[in-house]
Amino acid sequence: MTRLNELLGMLHIACDDTRILQGVSDDSRKVKKDWLFVCRKGITHDGAAYIDDALRKGAVVLCDKKRKWRKNGQKVEATSHQEKEQVYACEDVEAIAQALIELYFGDLCKHLCVIGVSGTSGKTSVACIITHILRKQQKKTFRIGTHEIDDNQHIQAIPNTTPDSFTLANLLKEAIQQGFTHIVMEVSSHAIDQNRICFMSYDAIVYTNITQDHLDYHFTRTHYMYTKFKLRRYLKKDGFIIINKDFPYLMKLQHLSDAKLITIGFDAAHFTIEDMHLSEQGAIFTINGYSFVIPLLGKMNVYNTTEAIALCHMLNITYEQLIASCQDLPYVSGRMELMKGKKHTVLLDYAHTPDAVEKLMEFARSICQGKLYIIVGCGGERDRSKRKLMADAACKYSDMAIFTSDNPRHESLSTILLDMCKTTYQNYEVVENRYFAIKYTIKIAKESDIIVIAGKGNEKTQDVEGRMYPFDDADCVRKRFAKEELFWK
Ligand SMILES: CC(=O)N[C@H]1[C@@H](OP(=O)(O)OP(=O)(O)OC[C@H]2O[C@@H](n3ccc(=O)[nH]c3=O)[C@H](O)[C@@H]2O)O[C@H](CO)[C@@H](O)[C@@H]1O[C@H](C)C(=O)N[C@@H](C)C(=O)N[C@H](CCC(=O)O)C(=O)O
Ligand SMILES: Nc1ncnc2c1ncn2[C@@H]1O[C@H](COP(=O)(O)OP(=O)(O)OP(=O)(O)O)[C@@H](O)[C@H]1O
Ligand SMILES: N[C@H](CCC[C@H](N)C(=O)O)C(=O)O
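In this text the structure is predicted, and so the values were computed from the model without any measurement.

We now examine the pairing of strand S25 (residues 450-454). Consecutive residues of a regular strand have side chains that alternate between opposite faces of the sheet. Across the five residues that make up S25, a large majority, five, are buried. Side chains Ile450, Val452 and Ala454 project from S25 onto one buried face, and the interleaved Ile451 and Ile453 project onto a second face that is buried too. Relative to S25, strand S21 (residues 345-349) runs parallel, the two being bridged by five bridges. Note on S25: the bridge partner recorded for Leu348 is Ile453. Summarising the sheet, strand S22 (residues 372-376) and S25 pair through four bridges and their orientation is parallel. Opposite Ile374, over in S25, you have Val452 as the bridge partner.

Structure below.
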């Protein structure tokens, strides 16, 4: 139970309103009566535009001094003397956001086991595998990941991979109230850079890999990598870090952090992988001599599973328990998902970086008896320099690549496709409409061929000029399979 005057008082903001606060958020859409709306200036929106909205809902507002907001149609500056209007001002909201969260919510991570998963690719996969293993051991585990939160009953959509700090704090508070003991969350470089995790402390951090992505935001690979490395600062005192030793750049963490560094990999790691055999059914391999059989596809999933196993073993789960838990690992929706029609084989995947496309295609090639096709696009308003590289990886391993749309957002689709057409290879065609690209490829593919559909995974929409059109790769495939079957009979 926190009173407004006490909370603001601790932040040296004068206030004699003794109402009991019912919640705190920086999103006007989430605040209710007697909530504190913390008004922040974002990259695209300015929270000040929503002050009157929040006031109408009965919230009180905290914003930067002199931030302009609209009162009765007039633009006014926020001052520190607007208590009557329920608008309180301070020098710099960003600077006190962390303190505010800590004062209002308390130390949320103290009684939780919090696991952070970071890296360019594989975050969702690793987070899902860890969650599966922990739940098998009856640990009440809450997962926060790419566009979804998962409490083991429902999966709810969220707009980001890592939510903003106030949403995250509210989620953790609710999770604690519901008796969750473990949190497994993905941490994006954007979240680290934007202080979305400012109040967090982690028991363990897993790094999957750091390859090229998000240069639209970070500009250089060095900034991207070191932003990811900053996550180490949010470890609890006895926290540990898990890395893949097969990627030497991750070993840089050795010099940056005093934390215990646990390695996985194919050579002389704490968790050494050996005797790997990959097939269309899954993978068989050993870790430190213990045999694992998993139904997930590709070497990347052997890495992902080994990181999850290493983490869970460090949390005192035995190898025997781990072997049993991994046998029925569910595939992660839209990731390396094999779809079989009467005649066709489709491998649906979320690869949207050059490295992920390369790894995906390497595996697809290894199991393909006939021709290998790939349908792939690149997202608009995202790292432009990855487009040619993704196209190169697609063409290098395939007999034919079909370049198509993937969330052009506010960018013109032809610009994106032209960037992809700069590939050094010739074996590509362009079919702008993603549904037609799928339809066309299923029509031309033969029985022993494999069609890879990359980039959208289990996304349910196509973002065109900010409008979200329903679109689901798996649905399109099912629809085409059904049509082809009719034709086939
Ligand atoms: C470029 C970027 O990272 N933008 C993020 C940033 O947006 P922003 O700073 O522009 O904030 P904003 O949404 O304009 O809003 C500013 C303030 O106004 C408030 N507001 C806004 C609207 C409203 O009606 N009422 C209201 O109060 C907001 O709650 C916020 O406090 O802060 C928002 C809240 O945290 C994020 O949702 C938003 O992510 C956008 C949607 C996005 O697409 N981000 C991508 C690049 C991203 O962050 N991706 C990573 C994943 C990367 C990976 O997988 O590797 C992620 O973590 O999601
Ligand atoms: N360990 C890995 N190494 C390289 N690529 C991987 C690995 N694991 C998964 N991938 C590829 O990356 C794609 C996305 O996987 P996943 O959703 O687990 O990653 P993510 O990091 O959560 O992605 P996002 O960037 O959307 O948050 C997969 O479909 C696969 O192609
Ligand atoms: N987390 C990634 C997802 C990309 C998915 C792909 N379908 C695209 O739209 O580029 C991003 O926001 O960059």
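Within the span of helix H15 (residues 434-444), buried status applies to Arg434, Tyr435, Ala437, Ile438, Thr441 and Ile442. For H15, the buried positions fall inside an angular range of 160° around the axis, keeping them on one side. In this structure Asn433 caps H15, since a side-chain oxygen of it lies 2.9 Å from the backbone nitrogen of Tyr435.

With that settled, the discussion passes to the site of ligand 2. Lining the immediate environment of ligand 2, one finds 19 residues, of which Gly122, Thr124, Ser125, Arg335 and Asp349 sit closest. Interatomic distance of 2.7 Å between a side-chain N/O atom of Arg335 and an oxygen atom of ligand 2. Within the side chain of Asp349, an N or O atom sits 2.3 Å from an oxygen atom of ligand 2. Computed on the free molecule, ligand 2 has an accessible area of 630 Å², of which 95% lies beneath the protein chains in the complex. It is helix H4 (residues 123-136) that provides the largest number of residues to the shell around ligand 2, a total of three residues. Counted by class, the shell around ligand 2 contains four nonpolar, ten polar and five charged residues. Each of domain 2 (113-327) and domain 3 (337-488) contributes no fewer than three residues to the shell around ligand 2.

Size it by volume and the second largest pocket reaches roughly 190 Å³. As for the second largest pocket, its lining consists of Met1, Thr2, Ile20, Leu21, Gln22, Tyr104, Phe105, Gly106, Asp107, Leu108, Lys173 and Ile176. Contributions of two or more residues to the lining of the second largest pocket are made by strand S2 (20-21), helix H3 (93-105) and helix H5 (165-177). Broken down by class, the residue content of the lining of the second largest pocket amounts to seven nonpolar, three polar and two charged.

Evaluated as defined, the whole model comprises 28 salt bridges. For Asp419, the salt bridge goes to Arg384, with nearest N and O atoms at 2.6 Å. Of this pair, Asp419 sits in helix H14 (residues 413-420) while Arg384 sits in the loop between S22 and helix H13 (386-397), and the two are 35 residues apart along the sequence. For Asp419, a relative accessible area of 6% corresponds to the buried category.

Turning next to the side chain of Thr423. Tracing the backbone shows Thr423 in the loop between H14 and strand S24 (428-430). In terms of polar contacts, Thr423 uses its side chain to reach the side chain of Asp392, at 2.6 Å.

With that out of the way, let us pick up the environment of Leu417. Relative to the elements of secondary structure, Leu417 occurs in helix H14. Note: C-alpha distance between Leu417 and Arg387 (30 residues apart in sequence) is 8.5 Å. With residues near it in sequence (within four places) discarded, Leu417 still touches Phe403, Thr404, Val430 and Glu432.

The next subject is the packing of H4 against helix H11 (residues 319-327). Where H4 contacts H11, the two axes come as close as 10 Å, and the packing angle between them is 120°. Between H4 and H11 lies a crossing of right-handed hand. Counted together, His132, Ile133 and Lys136 of H4 and Leu322, Ser325 and Cys326 of H11 form the full contact between these two elements. Residue composition of the contact of H4 with H11, by class: three nonpolar, two polar and one charged.

Before going further, it helps to examine the domain arrangement of the protein chain. According to the domain assignment, the protein chain contains domain 1 (2-105), domain 2 (113-327) and domain 3 (337-488). Here the C-alpha centre of domain 3 lies 46 Å away from the C-alpha centre of domain 1.

Within this structure's numbering, the places UniProt gives as "domain: Mur ligase central" (unreviewed entry) are residues 117-311. For residues 117-311, the end-to-end C-alpha separation is 11 Å, with 32% helix and 30% strand making up the annotated structure.

Reading the values: rules and limits
- Per chain, the residues get numbers from 1 upward, laid out in the order the sequence is written.
- Each chain takes a letter, starting from A, and each ligand takes a number, starting from 1, following the order in which they are written.
- For a predicted model such as this one, the threshold for reporting local features is a pLDDT of at least 70, and the threshold for listing and counting side-chain atom pairs is 80 or more; totals across whole chains, interfaces and linings nevertheless cover every residue.
- Only hydrogens and water are set aside when side-chain values are computed; all heavy atoms of the structure are taken into account.
- Exposure is judged per residue with a 1.4 Å probe applied to protein chains only, and the accessible area is read against the type maximum: over 50% gives exposed, under 20% gives buried, and values in between give partly exposed.
- Secondary structure elements follow DSSP: runs of H or I of four or more residues count as helices, runs of E of two or more count as strands, with numbering from the N terminus.
- Strand pairing is assigned whenever DSSP detects at least two bridges linking the two strands.
- By definition, the arc is the one covered by directions from the helix axis to the C-beta atoms.
- Two N or O atoms form a polar contact when they lie within 3.5 Å of each other; inside protein one atom must be a possible hydrogen donor and the other a possible acceptor, and for residues adjacent in sequence the pair counts only when both atoms belong to side chains.
- Any residue with a heavy atom positioned within 4 Å of a molecule or strand is treated as near that molecule or strand.
- The Shrake-Rupley method, run with a 1.4 Å probe, gives the accessible areas here. Residue values count only the displayed protein chains as cover.
- In this classification, Asp, Glu, Lys and Arg are treated as charged, Ala, Val, Leu, Ile, Met, Phe, Trp, Tyr, Cys and Pro as nonpolar, and every other residue, Gly included, as polar.
- Delimitation of the domains relies on an automatic or database domain assignment.
- Here the term cavity refers to a set of points on a 1 Å grid, laid over the protein atoms alone, in which a 1.4 Å probe fits but cannot get out; the term pocket refers to an open set having protein on both sides within 12 Å along at least five of seven lines, with lining residues being those that place an atom within 4 Å of a point.
- Grid points are joined across faces, edges and corners, and a volume is the space filled by probe spheres set on the points.
- By definition here, a salt bridge exists when the distance from a side-chain nitrogen of Lys or Arg to a carboxyl oxygen of Asp or Glu is within 4 Å.
- We call two residues contacting when some pair of their heavy atoms lies within 4.5 Å.
- Geometry is summarised by axes, namely lines fitted to C-alpha atoms with helices restricted to the contacting stretch, and by angles between N-to-C directions that run from 0 to 180 degrees.
- Crossings are sorted by hand: turned counterclockwise from the far helix by less than a right angle, the near helix makes the crossing left-handed, and turned clockwise it makes it right-handed.
- UniProt positions are given in the numbering used here, feature names are shortened, and annotations may be inferred rather than shown by experiment.

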